[in-house]
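# Observations on the model geometry
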Amino acid sequence: MTDKIALITGASRGLGSALAEALAPTHHIVAVARTTGALEELDDRIKAAGGSATLAPMDITVPEAMATLCRGIHDRWGKLDLWLHTAIHATALCPAPSVAAKDWTKAVAINATATSVLIPYVAPLLGQSGRAVFFDDPKAGEKFYGTYGATKAAQMALARSWQAETGRTGPNVRILEPQPMATALRARFHPGEDRGALTPIQDEAARLLPLILAD
């Protein structure tokens, strides 16, 4: 097993899953998501390629679960080298006056509050030399993106503050902006879109990987 440990929150599908596979040759993957079946499929693909993973079927909106996760990482490995936060909730597009309270509450919990809980839990594991990576999708202020745009912007505001605070001390905090991909999240926003014109997820993971790992 590699001695480099990568935590991926939101690893069961989409960009998180693709990045888990891309990192597996050099990192042991700690894969976090709610969907056990999808995590098991990811584990099969990683093992088939000669890598290794630890599956954590957990809900990132439960602080106690995240505390248990990070304590388990500390007890087993003592540190993290890399954290990729790809978990996101995409609400249906709608006009601002039509935003449903339950959709707003869920988006805030997953996109913003969970990030605010995870950062202080993960930061000690990263120490000064580890790296945290967030993925921007700037939709704030666009029509019909009220809930998603606002809660994603809140997540990025937290990440950018942490980035500014750790510039001299570490950990290294990076914010990357993926190209439009043929993900389930995008299909939820653009159901009639020609997906053939979008970047394949595996190709985008390959493009992002050097940006994630570069010194």
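Just so we're clear, the structure is a prediction, and the values are computed from it rather than from any experiment.

With that settled, the discussion passes to a positive patch on the surface. Together, R13, R34, K106 and R188 make up a region of like positive charge exposed at the surface. Following the sequence through the fold, K106 ends up in helix 4 (residues 101-126). What makes K106 partly exposed here is its relative accessible area of 37%.

Okay, the nonpolar core next. Ranked by size, the top nonpolar core spans 27 residues in total, and within it L7, W83 and F134 carry the most contacts. For this core, the secondary-structure elements that each account for two or more residues are strand 1 (5-9), strand 2 (28-33), helix 3 (63-77), helix 4, strand 5 (131-135) and helix 5 (146-165). Here the element with the most residues in this core is helix 4; it accounts for 7 residues. Dropping the residues within four chain positions of it, L7 is found in contact with V30, V32, L69, I73, L80, L82, W83, L84 and V122. A20, L23, A33 and A53 belong to the second-largest nonpolar core, a separate cluster that totals 26 residues.

On any regular strand, side chains alternate: one points to one face of the sheet, the next to the other face. Among the 5 residues in strand 5, 5 count as buried, and that is most of the element. The sheet contact formed by strand 4 (residues 82-85) and strand 5 spans 4 bridges and is parallel. Bridging across to strand 5, H85 finds its partner in F134. Taken together, strand 4, helix 4 and strand 5 form a β-α-β motif whose crossover is right-handed. As defined by bridge partners, strand 5 adjoins strand 6 (residues 172-176) across 5 bridges and the pair is classed as parallel.

Each aromatic ring pair is described using two quantities: the centre-to-centre distance and the angle formed by the ring planes. All told, the structure shown has 4 aromatic pairs when counted by the stated rule. Plain terms: the ring middles of W83 and F134 are 5.4 Å apart, the flat faces sit at 75 degrees to each other, and that makes the pair edge-to-face. Residue W83 is found in strand 4, and its partner F134 is found in strand 5; the two are separated by 51 residues along the sequence. The buried category is assigned to W83, whose relative accessible area is 0%. Overall, the relative accessible area of 0% leaves F134 in the buried class. Taken together, the ring pairs connect W83, F134 and W162 into an aromatic cluster.

Glancing now at the pairing of strand 4. Residues L82 and L84 point to one face of strand 4 and W83 and H85 to the other, with burial holding for every one of them. With 4 bridges joining them, strand 1 and strand 4 adopt parallel strand pairing. Across the sheet, residue T9 finds its bridge partner in strand 4, namely H85.

This part is about the sheet that holds strand 1. Across the sheet, 6 strands lie side by side as 3-2-1-4-5-6; this open sheet has parallel pairing. Every interior strand has two partners, whereas the edge strands, strand 3 (53-57) and strand 6, have only one. The mean inter-strand angle of the sheet, taken between neighbouring strand axes irrespective of direction, is 15 degrees. The sheet strands contacting helix 3 are strand 1, strand 2 and strand 3, and the helix crosses strand 2 at an angle near 170 degrees. Packing against the sheet, helix 7 (residues 201-213) makes contact with strand 4, strand 5 and strand 6, and its axis sits at approximately 155 degrees to strand 6.

Looking now at helix 3. With 15 residues, helix 3 extends 21 Å between its outermost C-alpha atoms, agreeing within 8% with the 21 Å of an ideal straight helix rising 1.5 Å per residue. If you check which residues of helix 3 are buried, you get A65, M66, L69, C70 and I73. In an axial view of helix 3, the angular spread of the buried residues amounts to 130 degrees, which keeps them on one side of the axis. For helix 3, the exposed residues lying more than 90 degrees away from the buried face are E64, T68, R71 and D75. Backbone geometry just downstream of helix 3 places G78 in the positive-phi region, at approximately 80 degrees.

Okay, the packing of helix 4 against helix 5 next. Orientation of helix 4 relative to helix 5, taken along the N-to-C sense of each, is 15 degrees, at an axis distance of 8 Å. One way to sum up the angle between helix 4 and helix 5 is to call them roughly parallel. Here helix 4 and helix 5 pass one another in a crossing that is right-handed. Here helix 4 contributes D103, W104, A107, V108, N111, A112, T115, S116, I119, A123 and L126 to the contact with helix 5, which in turn contributes G146, T147, Y148, A150, T151, K152, A154, Q155, L158 and W162. When the residues that make up the contact of helix 4 with helix 5 are grouped by side-chain class, the tally is 12 nonpolar, 7 polar and 2 charged.

Parameters at a glance
Residues numbered from 1 in each chain as written. Predicted model: local features only at pLDDT ≥ 70, side-chain atom pairs only at ≥ 80, totals over all residues. Heavy atoms only, no water. Patch = residues over 30% accessible without salt bridge, like charges linked within 9 Å, V, L, I, M, F, W, Y side chains within 5 Å. Areas by Shrake-Rupley, 256 points an atom, 1.4 Å probe, with all protein chains shown as cover. Salt bridge = Lys/Arg side-chain N within 4 Å of Asp/Glu carboxyl O. Lys, Arg positive; Asp, Glu negative; His and termini not counted. Charge placed at Lys NZ, Arg CZ, Asp CG, Glu CD. Helix = DSSP H or I, 4+ residues; strand = E, 2+ residues; numbered from the N terminus. Buried < 20%, exposed > 50% of the residue type's maximum accessible area, 1.4 Å probe, protein only. Core = buried A, V, L, I, M, F, W, Y, C linked by side-chain atoms within 4.5 Å. Contact = heavy atoms within 4.5 Å. Pairing = 2+ DSSP bridges. Right-handed = clockwise from strand over helix to strand, strands pointing away. Phe/Tyr/Trp six-rings, centres within 6.5 Å; stacked < 30°, edge-to-face > 60°. Axes fitted to C-alpha atoms, helices over the stretch in contact; angles between N-to-C directions. Expected span 1.5 Å × (residues − 1). Arc of directions from axis to C-beta. Parallel < 35°, antiparallel > 145°, perpendicular 65-115°, else oblique. Left-handed = near helix turned anticlockwise from the far one by under 90°. Nonpolar A, V, L, I, M, F, W, Y, C, P; charged D, E, K, R; others polar.

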